[in-house]
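Close look at the chain arrangement
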Amino acid sequence: MASSHSSSPVPQGSSSDVFFKKEVDPTKHIRSVQSLPDVCPKEPTGDSNSLCVTPSLVTDQHRWTVYHSKVNLPAALNDPRLAKRESDFFTKTWGPDFVDTEVIPSFYLPQISKEHFTIYQQEISQREKIHERCKNICPPKDTFDRTLLHTHDKSRTDLEQVPKIFMKPDFALDDSLTFNSVLPWSHFNTAGGKGSRDAASSKLLQEKLSHYLDIVEVNIAHQISLRSEAFFHAMTSQHELQDYLKKTSQAVKILRDKIAQIDKVMCEGSLHILRLALTRNNCVKVYNKLKLMATVHQTQPTVQVLLSTSEFVGALDLIATTQEVLQQELQGIHSFRHLGSQLCELEKLIDKMMIAEFSTYSHSDLNRPLEDDCQVLEEERLVSLVFGLLKQRKLNFLEIYSEEMIITAKNIIKQCVINKVSQIEDIDTDVVVKLADQMRMLNFLQWFDLLKDIFSKFTVFLHRVKATLNIIHSVVLSVLDKNQRTRELEEISQQKNAVKDNPLDTEVAYLIHEGMFISDAFSEGELTPVVADTASRRNASPNSEPCSSDSVSEPECTTDSSSSKEQTSSSATPGGVDIMVSEDMKLTDLELGKLANNIQELLYSASDICHDRAVKFLMSRAKDGFLEKLNSMEFITLSRLMETFILDTEQICGRKSMSLLGALQSQANKFVNRFHEERKTKLSLLLDNERWKQADVPAEFQDLVDSISDGKIALPEKKLAATEERKPAEVLIVEGQQYAVVGTVLLLIRIILEYCQCVDNIPSVTTDMLTRLSDLLKYFNSRSCQLVLGAGALQVVGLKTITTKNLALSSRCLQLIVHYIPVIRAHFEARLPPKQYSMLRHFDHITKDYHDHIAEISAKLVAIMDSLFDKLLSKYEVKAPVPSACFRNICKQMAKMHEAIFDLLPEEQTQMLFLRINASYKLHLKKQLSHLNVINDGGPQNGLVTADVAFYTGNLQALKGLKDLDLNMAEIWEQKR
């Protein structure tokens with residue numbers, strides 16, 4: 001106790017002074033100790049660096065740190081040891097520029113004087129008197145403390161004389177270095193006449209060590225004296241404590257005897273019964289565990305049996321249940337340590353088997369004869385495979401089915417071509433080896449029958465694919481429905497469990513708190529019937545499958561089975577749904593929904609595959625330009641067949657495939673181009689050979705025009721034999737009007753009807769046909785203008801001149817076409833979509849062009865007569881005889897003009913034309929009379945002119961249809977001013 005306490009004042013001296021007195025200079029208050037002469041030169045008395053580098057409490061307590069710093073700047077400046085304050089303290093350190101400056105008083109601080117403290121001194125003087133009186137009455141209590149502190153400081157100062165090496169915890173004289181430090185041998189060397197000196201040194205060393213020993217003993221005695229009272233008190237308390245322990249031991253012995261008697265009489269039998277019950281329950285557990293192990297041991301043979309019957313879902317359920325039992329109930333069983341990995345490998349093998357089985361099923365289902373009426377092959381097998389693949393998350397089985405569909409579509413076309421080619425005797429298969437070349441040797445009817453057969457096979461194929469995918473889709477939906485139902489039931493059960501309060505759980509929790517033994521016995525005793533019921537239910541399950549912890553109860557299975565039957569077929573679905581209900585499919589609703597969408601997309605893909613193969617079949621036949629050489633009826637028949645197939649596939653799959661439709665549109669465009677070029681070439685040849693003479697109108701053309709008037713815009717059907725031949729008519733009668741036409745216009749009307757009928761047969765080419773027909777009508781207008789008005793027929797046909805009859809006939813032909821343009825416009829408008837009505841403006845432009853052309857022809861007829869009037873009237877002289885030769889010649893030419901156009905143009909147009917000719921005549925006559933200075937003055941010249949004019953008027957009105965024509969001949973005279 002003394003030794004441990006004696007070391008504490010040494011390190012705590014410097015820090016404890018703070019609590020007792022103010023910091024003062026130690027040189028003034030602590031007496032310097034006169035140490036003995038240093039007889040040990042290597043003794044580490046003052047320098048801590050000479051000590052060992054190992055940590056030492058004695059050494060480290062005097063090591064200086066920043067926390068020992070106690071001098072600040074004001075203390076350095078006010079050093080009391082200096083006689084006067086250094087005036088150059090800053091300048092000698094930081095330079096001559098660092099000088100004292102006068103501090104200006106702050107404007108914000110008031111000037112304080114003694115008067116400010118007068119009130120405070122008056123208030124505090126009374127308190128000071130009371131304080132001084134109390135100090136005199138009660139002396140200070142720290143006298144003893146100061147004495148004790150002084151003694152403590154004195155002892156600490158004495159201990160500091162002892163070298164630090166003696167205070168080290170590892171001090172031992174066995175160490176040579178320590179021994180040499182304490183007893184240096186250099187002092188004991190007697191050689192060289194230094195014996196007296198060494199003897200004095202040895203004596204001095206002995207006295208020094210004795211002095212150190214006295215200091216330590218004094219301090220130890222002092223510490224013992226300080227703690228003597230506590231030591232004797234502890235010894236006295238030890239005897240009392242021993243007496244208390246003896247009495248307590250006797251009381252405990254008596255209590256133990258009483259408890260042993262109570263235990264023997266009241267508790268031993270009851271506890272023995274509980275132990276027996278617990279042992280029995282443990283035996284039941286072991287028995288059930290052994291039965292479970294026996295069942296698990298039969299897992300692999302049972303799986304083999306299930307796989308032999310393609311019961312993949314049952315095998316997977318058994319494997320999953322067995323793995324769950326191994327992880328939960330049979331964990332740590334040494335004999336089953338390899339069974340888990342074996343089951344995992346077996347599960348991987350089943351995955352491969354299911355994929356191979358599904359591939360085999362897809363091949364056999366899609367490649368069976370298309371004449372088979374059965375829509376789905378082995379429906380139960382398909383349902384089982386789909387459930388198994390869903391259970392294992394093998395969602396790529398749709399890709400296998402898609403690849404099989406592509407192969408089957410190729411085989412269907414190939415087989416159809418082989419069957420068709422084998423029926424044609426003209427094709428030598430030995431010479432023509434390639435199947436595509438053999439197919440190209442078929443004529444249109446044979447190839448058309450082949451295409452029809454391919455389309456019918458594709459239709460049956462799509463029906464079969466749709467039925468299979470519907471089964472798969474219904475299985476996926478049933479799994480999705482079951483997941484949703486299970487989630488709803490779990491939510492309901494959680495809500496019930498949150499509300500329900502089970503008293504049994506409360507008792508068991510209390511007993512668990514009281515003791516594990518009692519709780520185990522109580523809970524096992526109460527729950528034994530439940531365990532037995534669970535075990536019996538597990539043993540009664542089919543195939544002796546172990547029951548998993550998350551299996552669903554039988555009533556729940558029944559409900560889900562009945563609900564799922566509504567979504568799948570009746571033959572295979574019940575078994576499949578039972579399999580599904582017994583195990584979780586491990587698929588989320590999002591994955592199942594995506595899979596259902598993929599199934600629908602696969603059905604669309606099946607339609608696209610059929611259309612793509614059909615397009616390739618068409619393109620292979622179209623390589624030699626076969627499709628472009630088809631006539632209108634053949635192409636229309638082909639187009640209708642393709643459109644029917646497109647509609648059938650759209651009805652089956654629910655979406656229109658665009659590949660075949662695009663190919664049809666492409667072929668239709670080519671057909672339209674060829675159709676238009678043929679007819680435009682035909683029209684060009686007709687116009688180039690047209691002599692612009694009135695042609696007879698066959699009866700069939702009259703019937704064609706009559707059918708158009710009745711609203712039927714179509715070519716009449718060809719009649720095999722007519723009952724009587726009807727003579728052709730001179731004119732074409734259209735709605736009561738007579739049209740004198742050339743043969744080219746009759747054929748042009750037939751060509752226009754061919755365009756209209758083609759639009760009815762192929763609606764997809766309506767816009768192209770409208771553009772082509774507009775181009776054809778524009779071509780007829782421009783070319784006829786070049787040939788007639790432009791006199792192109794003189795070089796092309798070899799006409800000598802373009803007569804007025806040619807002009808009138810051309811005008812009438814143009815009027816006939818203008819009459820039918822509104823009918824054509826209405827026909828196309830009924831077949832165009834509303835957004836393309838803007839294309840009908842082409843007909844407005846054509847109508848305007850035709851009217852302009854007709855007006856130019858009329859102007860040309862007037863110009864012919866105008867030039868004649870200018871030539872004849874320029875030589876007119878007013879003299880006898882009357883009528884003059886000029887007027888007789890004019891009347892003759894007017895009669896010829898009337899004779900040429902009256903049978904060609906309607907009466908109204910003839911009258912309008914002669915009114916314009918008459919106006920030209922009056923203009924030239926007025927000009928000539930003005931030139932001759934003949935005025936309306938009743939003179940002889942006026943009488944001659946009046947007689948000639950009367951002759952002209954009479955001849956003109958005598959012409960047929962011009963009797964009531966108002967000539968207004970008074971305009972030939974100059975008006976008097």
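Everything quoted here is computed from the prediction, not taken from an experiment. (Residues numbered from 1 in each chain as written. Predicted model: local features only at pLDDT ≥ 70, side-chain atom pairs only at ≥ 80, totals over all residues. Heavy atoms only, no water.)

Okay, the overall build of the protein chain next. A tally of helices and strands in the protein chain yields 33 helices and 2 strands. For the protein chain, buried positions account for 37% of its 977 residues. Across the protein chain, every contact between residues at least 6 apart in sequence was considered, and the portion connecting residues at least 24 apart equals 78%. (Helix = DSSP H or I, 4+ residues; strand = E, 2+ residues; numbered from the N terminus. Buried < 20%, exposed > 50% of the residue type's maximum accessible area, 1.4 Å probe, protein only. Contact = heavy atoms within 4.5 Å.)

A complete count under the given rule lists 16 aromatic pairs for this structure. A ring pair is formed by phenylalanine 455 and phenylalanine 645, whose centres lie 4.2 Å apart and whose planes are at 5°; its orientation type is stacked. Within this pair, whereas phenylalanine 455 is found in helix H17 (residues 444–499), its partner phenylalanine 645 is found in helix H23 (residues 632–653), the two being separated by 190 residues in sequence. The buried category is assigned to phenylalanine 455, whose relative accessible area is 4%. (Phe/Tyr/Trp six-rings, centres within 6.5 Å; stacked < 30°, edge-to-face > 60°.)

The next subject is H23. For an α-helix, 3.6 residues make a turn, and residues three or four places apart therefore share a direction. Here H23 contains 22 residues, and its C-alpha end-to-end distance of 31 Å stays within 8% of the 32 Å for a straight helix at 1.5 Å per residue. Here H23 has its buried residues at Phe635, Ile636, Leu638, Ser639, Leu641, Met642, Phe645, Ile646, Thr649, Ile652 and Cys653. A positive backbone phi angle near 85° is found at glycine 654, which sits one or two residues after H23. (Expected span 1.5 Å × (residues − 1).)

As a further point, take unusual backbone geometry. Of note, the bond from alanine 880 into proline 881 is cis; its omega dihedral lies within 30 degrees of zero at 0°. Looking at the element boundaries, proline 881 is found in the loop between helix H30 (841–873) and helix H31 (885–901). Between valine 882 and proline 883 the backbone carries a cis peptide bond, its omega angle lying at -5°. Mapped onto the fold, proline 883 is located in the loop between H30 and H31. The phi angle at glutamate 735 is positive, at roughly 50°, despite the residue not being glycine. A positive phi angle, close to 60°, is found at alanine 791, a residue other than glycine. Tracing the chain through its elements places alanine 791 in the loop between helix H27 (766–789) and helix H28 (793–796). Overall, the relative accessible area of 22% leaves alanine 791 in the partly exposed class.

Attention shifts here to a nonpolar patch on the surface. A contiguous nonpolar surface patch, about 340 Å² in accessible area, is contributed by Phe231, Phe232 and Met235. Along the chain, the position of phenylalanine 232 falls in helix H10 (residues 195–297). (Patch = residues over 30% accessible without salt bridge, like charges linked within 9 Å, V, L, I, M, F, W, Y side chains within 5 Å. Areas by Shrake-Rupley, 256 points an atom, 1.4 Å probe, with all protein chains shown as cover. Salt bridge = Lys/Arg side-chain N within 4 Å of Asp/Glu carboxyl O.)

Looking now at the environment of leucine 789. Following the sequence through the fold, leucine 789 ends up in helix H27. Judged by its relative accessible area of 22%, leucine 789 falls in the partly exposed class. Each C-alpha atom, one on leucine 789 and one on serine 810, is 9.2 Å from the other, the two residues being 21 residues apart in sequence. In contact with leucine 789, not counting residues within four places along its chain, are Ser784, Leu807, His853, Glu856, Ile857 and Lys860.

Here we take up the environment of tyrosine 779. Mapped onto the elements, tyrosine 779 comes out in helix H27. As for tyrosine 779 and leucine 683, which are separated by 96 residues in sequence, their C-alpha atoms are 8.9 Å apart. A distance of 2.8 Å separates polar atoms of two side chains, one belonging to tyrosine 779 and the other to serine 684. (Polar contact = N/O pair within 3.5 Å; in protein donor to acceptor, adjacent residues only side chain to side chain.)

This part is about the packing of H27 against helix H29 (residues 804–829). Remark: H27 packs on H29, axes separated minimally by 11 Å, with the N-to-C direction vectors making an angle of 170°. As summarised for this structure, H27 and H29 are arranged roughly antiparallel, according to the angle between their axes. For the pair H27 and H29, the contacting residues are Thr766, Met769, Leu770, Leu773, Leu777, Phe780, Asn781, Ser784, Val788 and Leu789 in the first and Asn806, Leu807, Ser810, Leu814, Ile817, Ile824 and Phe828 in the second. (Axes fitted to C-alpha atoms, helices over the stretch in contact; angles between N-to-C directions. Parallel < 35°, antiparallel > 145°, perpendicular 65-115°, else oblique.)

Ranked by size, the top nonpolar core spans 201 residues in total, and within it Trp447 and Phe828 carry the most contacts. With residues near it in sequence (within four places) discarded, tryptophan 447 still touches Met439, Leu442, Phe617, Leu618, Arg621, Phe626, Leu627 and Leu638. (Core = buried A, V, L, I, M, F, W, Y, C linked by side-chain atoms within 4.5 Å.)

Under the defined criterion, the tally for this structure stands at 17 salt bridges. The salt bridge partner of arginine 381 is glutamate 357, with a shortest N-O separation of 2.6 Å. Residue arginine 381 is found in helix H14 (residues 379–391), and its partner glutamate 357 is found in helix H13 (residues 339–366); the two are separated by 24 residues along the sequence. When its relative accessible area of 22% is taken as the criterion, arginine 381 is described as partly exposed. For the salt bridge of aspartate 365 with arginine 368, the shortest nitrogen-to-oxygen distance reads 3.1 Å. When sorted by exposure, aspartate 365 lands in the same class as arginine 368, which is buried.

Tracing the backbone shows serine 811 in helix H29. Residue contacts for serine 811: discarding those within four places in its chain leaves Ile854 and Ile857.

Moving on, we get to the packing of helix H12 (residues 312–328) against H13. Two elements in contact, H12 and H13, have axes whose closest approach is 10 Å; the angle formed by their N-to-C orientations is 160°. In terms of axis orientation, H12 runs roughly antiparallel to H13. Every pair of crossing elements has a handedness; the one defined by H12 and H13 is left-handed. Together, Phe312, Ala315, Leu316, Ile319, Thr322, Gln323 and Leu326 of H12 and Leu339, Gly340, Leu343, Cys344, Leu346, Glu347, Ile350, Met353, Met354 and Glu357 of H13 make up the contact between the two elements. (Left-handed = near helix turned anticlockwise from the far one by under 90°.)

With that settled, consider a negative patch on the surface. The grouping of Asp696, Glu730, Glu899 and Asp903 at the surface amounts to a negative patch. On the secondary structure map, glutamate 730 appears in the loop between helix H25 (699–709) and strand E1 (732–734). (Lys, Arg positive; Asp, Glu negative; His and termini not counted. Charge placed at Lys NZ, Arg CZ, Asp CG, Glu CD.)

Along the chain, glutamate 404 falls in helix H15 (residues 397–423). A polar side-chain atom of glutamate 404 sits 2.8 Å from a polar atom in the side chain of histidine 363. The contact partners of glutamate 404, leaving out residues within four places of it in the chain, are Ser362, His363, Leu366 and Asn367.

Averaged over every residue, the pLDDT of the protein chain is 77; the share at 70 or more is 75%. Across residues 1–53 the pLDDT falls below 50, and counting only partners more than four positions away or on other chains, this stretch makes 49 contacts in the model. Taken as a whole, residues 503–584 scores under 50 in pLDDT and shows 102 contacts with residues more than four places along the chain or in a different chain. (pLDDT = per-residue confidence, 0-100.)

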